Amino acid sequence: MSVDATTVRKIASLARIAVSDTEVDAMVPELNNILGWIEQLGEVDTDGVAPLAAVIPNHLRLRDDVVTDGNIRDQILKNAPQAEHGFFAVPKVIE
Amino acid sequence: MSNLTDLTVAGIRDGFRKGDFSAREVAEAFNAAVAAGKPLNAFLVETPEHALAAADEADRGRASAEFRPLSGVPLGIKDLFCTAGYQTTAASHILEGFVPTYESTITAKLFGAGAGMLGKLNLDQFAMGSSNETSYYGNVISPWRRKDGGNAALAPGGSSGGSSAAVAARMAPGATGTDTGGSIRQPAAFTGISGIKPTYGRCSRWGVVAFASSLDQAGPMARDVRDCAILLEAMSGFDPKDSTSLDLPVPQWEAGLSADLRGKKVGIPKEYRVEGMPPEIEALWQQGIAWARDAGAEIVEVSLPHTRYALPTYYIIAPAEASSNLARYDGVRYGERELPDHANLQEMYAATRAAGFGPEVKRRILIGTYVLSAGFYDAYYTKAQKVRALIARDFEQAFQQCDVLLTPTAPSAAFALGEKSADPLAMYLNDVFTVPASLAGLPAMSVPAGLDAQGLPLGLQIIGKPLDEQGVLNAGLAIEQRAGFNARAEKWW
């Protein structure tokens, strides 16, 4: 499988990264080089192998359903590029 | 008094307890070394006042004989750990100016153990890189130079390149690192220091800027094995705030140190050779085998047949997880915002991320987005998770025949800055020996073992069974004692 300029633009749009035409032209061969190298995994027989998601056996814990945190609005907003009236502010969204 | 910056973590701790010097003297000596080390660009933020405050507290404690495990010890902190009140950028532009209001679990533990902070250490942007060349704030320059007289600036390794350079240049007795595919071990090998990545889950990831969450593990980097044991003890432990944290007691690794390997089996994986590997590395590996035998170990050849598939597996899984983790940088809640005129919300996201991420980070986000996209998920991501299972099984089977594995840490000594940065694949291949243990979540460390013909350090890697950090440290100690590595970079900065 290889990617072309249209695919790279689509991936970039999915990833919400603006790309210029020059960047796309540079990325196409670069990504194909990496993807081509990754494809050697096709040689490995993985029939009947379960995908590994957690490397060290561990179980997910449950904790009591109680409030353990909160009342830190100002701390949370402290690093926001634009905070107004106790909220994160973004450009106007019209759907 | 001898130069305080030549002391190890253990040397500082013990000398401080005995009253040979005050904690303030130590902090002042390292603060001065940090200030003098600016040409290496190892520190992004210097925090001399933090080191001094911790030192003064340690000195006050000494008056009443109150000693904590790291009283009097100042450390460097990789700028991937959130530190309350101190800028944390992960060496990225998108987090420029981000000052966390909270403390990562690891730094909270270290400071709670009495350590002070000398500063925040440079790294590859979001820990993505093997040479520290992807930092938005410039390359870290290794204190080491080839003896050919060319004075080429060398890579300190990556991603924990600020950490490795700072420890090797005696700007910090120890530092935190993080290791996703080799980011503690490879820089340690490049700079002639030690570093250990513990079993996945030993060190809390809470407050550590995330790269690939199923792989990311913090660990210490220091001058020797004992210091690694001391620091790892202080960093490890259960943390309910990290869902993959292991709820297990922390062993007393320092007290358990023993270089006696009698009764232990050291496995030599025959697949840990790559084309073009310098003969010096093969020779050093053979020397390491001889040292292990000398320490009483039995040597057994083992096979890890899927080794060659570890890197391509890693370069699906790590970018996939990164593309998901880095979705949080949207210019809304923290960090940079890029808002072109009349841009709507979606355009703001795209512009912010285009301006805020460096080329390597974008490359990995795009690869990750691609392999997770509809139609390709099974062919890439699920396939990689299956091969990952086979890689982990290789290790399980090998550990039925041996207690630890001994390999080279990296397929080369430090390369020059710029030598590999134009070819992403060539750079990725540098992690060929460190990535497999990361994929299997195993504890692994690098210890300095010798110099190449150019006078540059080379490291040997020890990989252990899950939770057997002690076995790794002990084998490391046996190598360290026999290698007698005492070379250091000649000061030019």
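Residues numbered from 1 in each chain as written. Chains lettered and ligands numbered in written order. Predicted model: local features only at pLDDT ≥ 70, side-chain atom pairs only at ≥ 80, totals over all residues.

A. Focus on the interface of chain A and chain B. At the interface, 40 residues of chain A touch 57 residues of chain B. Of all elements in the fold, only helix 1 (5-14) and helix 2 (21-38) of chain A reach the threshold of two or more residues within the side of chain A that touches chain B. Examining the composition of the side of chain A that touches chain B, we find that seven residues originate from one element, helix 2 of chain A, more than from any other. Here the residues of the side of chain A that touches chain B are counted per class, giving 29 nonpolar, seven polar and four charged. (Contact = placed C-beta atoms within 7 Å. Helix = DSSP H or I, 4+ residues; strand = E, 2+ residues; numbered from the N terminus. Nonpolar A, V, L, I, M, F, W, Y, C, P; charged D, E, K, R; others polar.)

B. Examining the environment of Pro 29 of chain A more closely. All names here are of chain A. As for its placement among the helices and strands, Pro 29 is situated in helix 2. Pro 29 gets classed as exposed once you count the C-beta atoms within 10 Å, which come to 11. For the pair formed by Pro 29 and Asp 65, sequence separation is 36 residues and the distance between their alpha carbons is 51 Å. (Buried ≥ 20, exposed ≤ 12 C-beta atoms within 10 Å, placed from the backbone.)

C. View of the environment of Tyr 102 of chain B. Residues and elements named next belong to chain B. Within the fold, Tyr 102 resides in the loop between strand 2 (74-78) and helix 4 (105-112). On the neighbour-count criterion, Tyr 102 (14 C-beta atoms within 10 Å) is partly exposed. With 64 residues separating them along the chain, Tyr 102 and Ala 166 place their C-alpha atoms 25 Å apart.

D. Focus on helix 11 (residues 359-372) of chain B. Under the 1.5 Å per step criterion, the end-to-end length of helix 11 of chain B is 20 Å for 14 residues, consistent within 8% with the ideal 20 Å. With ten of its 14 residues buried, helix 11 of chain B lies for the most part within the structure. Where helix 11 of chain B is buried, its residues contact helix 1 and helix 2 of chain A together with helix 9 (310-325) and helix 12 (377-398) of chain B. (Expected span 1.5 Å × (residues − 1).)

E. Spatial organisation of the environment of Ile 12 of chain B. Residues and elements named next belong to chain B. Relative to the helices and strands, Ile 12 is located in helix 1 (residues 9-18). Given 26 C-beta atoms within a 10 Å radius, Ile 12 is considered buried. Distance in space between the C-alpha atoms of Ile 12 and Met 171 is 14 Å, their sequence separation being 159 residues.

F. Quick peek at the UniProt feature "domain: Amidase" (unreviewed entry) in chain B. UniProt records the feature "domain: Amidase" (unreviewed entry) at residues 28-473 of chain B, using the numbering of this structure. Annotated as residues 28-473 of chain B, this span is 35% helix and 14% strand, and its ends, taken at the C-alpha atoms, are 31 Å apart. (UniProt positions renumbered as here; feature names shortened; annotations may be inferred.)

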